[in-house]
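Inside the fold
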Amino acid sequence: MKVLALILAALLDVVPAGQAFLRQLQPRDSILIADQLEYGFQLDSLAEGTALLLPDFGTLSGDTLTLVRGWQLDTTARLKLRQPGRKGRAQLYNVRGSIVLAPFEEGTYYLPPIPVLRGEDTLVFEGLEMDVKTMPVDTATFQIHDIKDQLRYPLTFRETIPWIGGALGLAALAVLLVWLYRRRRSRISGEEKKDPAYIVALRELEKWRGDKFWAPDKQKAFYSGITDTVKFYIEDRFGVDAPEMTTAELFRALEQADDLPADLREELRGVFECADFVKFAKHAATEQENARALPTAVRFVTSTYQTVPQEEQKTEDEL
């Protein structure tokens, strides 16, 4: 067994202060190689504000003994004592200072005393002896074994719950996205399959059927409803911006339509001119004018819509 000696240089005004302490950070019945040990001192009843000067043990660190952590001071207790002849109590502390060492070779280590400078006195704590051992190995029966694989424990249902929940959440999200996509597509398809312009026009014109709208106070709404409906139909059927045109501009544009009979165009012009008088000149239309307005508008729509299905069928064939 190898014996290692650590020598402390001589100090002046030395005051013996007891023995240092040695404590394993991982307590067991013996000190083994690479164990970490706390080595230090305990000072009791230290007055508040007392300065301590501690030695430098950096020279302890080497191949066989390593300084793992430098000095650390901890307060273990706080005391209040009465002072004779004075008011109040004195504040005193129990202080523990320590370093952490780790031996890396078997043998006996003589740890040096710990000098602590307190004011004008140097308190010296007596060093300790440390016996370091290795794990005994029976070379006669020792046999090398292969490294064992990592232990694998069976998977429990509780451990699978987060994965099952995640999978169900993803499935629900996928179903929601598919539903939203189909709903949007069906909505777009519904918009694309809207009724043809002539159906919409005839449905709107049907609302103005009856002589109850011929009264002078209702004629303005009557003629506005008929002419506005026909204008929107003309815009879709002939590609003319009818809602934004005056009567004169509209019929000049309709003169360019080759498939629109002139007599039908002129008959519709009469209805629009009468409507202008009613709406803007406070004209009261006669019963003959009122009776002719709605049938003329209906006949215009039904006479011109027949070419629309042929054009739609041609477009579908091309697609």
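Higher on the page you've got the structure.
Residues numbered from 1 in each chain as written. Predicted model: local features only at pLDDT ≥ 70, side-chain atom pairs only at ≥ 80, totals over all residues. Heavy atoms only, no water.

1. A short note on the packing of helix H4 (residues 247-254) against helix H5 (residues 262-280)
The contact between H4 and H5 brings their axes to 10 Å, and the two run at 170°. The angle between the axes of H4 and H5 places the two elements in the roughly antiparallel class. Note on element contacts: H5 touches H4 through Arg265, Leu268, Arg269, Phe272, Glu273 and Asp276, opposite Thr247, Leu250, Phe251 and Leu254. Residues that form the contact of H4 with H5 fall into these classes: five nonpolar, one polar and four charged. (Axes fitted to C-alpha atoms, helices over the stretch in contact; angles between N-to-C directions. Helix = DSSP H or I, 4+ residues; strand = E, 2+ residues; numbered from the N terminus. Parallel < 35°, antiparallel > 145°, perpendicular 65-115°, else oblique. Contact = heavy atoms within 4.5 Å. Nonpolar A, V, L, I, M, F, W, Y, C, P; charged D, E, K, R; others polar.)

2. Some thoughts on the side chain of Ser98
Residue position: Ser98 is located in strand E8 (residues 89-103). Of the polar contacts made by the side chain of Ser98, one reaches the side chain of Glu38; its length is 2.6 Å. With residues up to four places along the chain from it excluded, the contact list for Ser98 reads Phe21, Glu38, Tyr39, Gly40, Arg69, Gly70, Trp71 and Gln72. (Polar contact = N/O pair within 3.5 Å; in protein donor to acceptor, adjacent residues only side chain to side chain.)

3. So, the sheet that holds E8
Strand pairs in the sheet, formed through backbone hydrogen bonds, run parallel or antiparallel to each other. In space, the four strands of this open sheet follow the order E3-E5-E8-E7, with antiparallel pairing throughout. Looking at which strands have only one partner, the edges of the open sheet turn out to be strand E3 (21-24) and strand E7 (65-82). Strand-to-strand twist across the sheet, computed as the mean angle between neighbouring axes with direction ignored, equals 25°. As paired elements, E7 and E8 share 14 bridges and run antiparallel to each other. Within the sheet, the bridge partner assigned to Asp74 lies in E8 and is Arg96. (Pairing = 2+ DSSP bridges.)

4. What to know about a negative patch on the surface
A cluster of acidic side chains, namely Glu235, Asp236, Asp241 and Glu244, defines a negative patch on the protein surface. Tracing the backbone through its elements, the reader meets Asp241 in the loop between helix H3 (219-238) and H4. (Patch = residues over 30% accessible without salt bridge, like charges linked within 9 Å, V, L, I, M, F, W, Y side chains within 5 Å. Areas by Shrake-Rupley, 256 points an atom, 1.4 Å probe, with all protein chains shown as cover. Salt bridge = Lys/Arg side-chain N within 4 Å of Asp/Glu carboxyl O. Lys, Arg positive; Asp, Glu negative; His and termini not counted. Charge placed at Lys NZ, Arg CZ, Asp CG, Glu CD.)

5. Notes on unusual backbone geometry
A positive phi is found at Ser45, a non-glycine position, where the angle reads about 55°. Tracing the sequence through the fold places Ser45 in strand E5 (residues 37-47). Here Ser45 falls in the partly exposed class, since its relative accessible area comes to 41%. Although it is not a glycine, Lys282 sits at a positive phi angle of roughly 55°. (Buried < 20%, exposed > 50% of the residue type's maximum accessible area, 1.4 Å probe, protein only.)

Shape is all these values report; function is a separate question.
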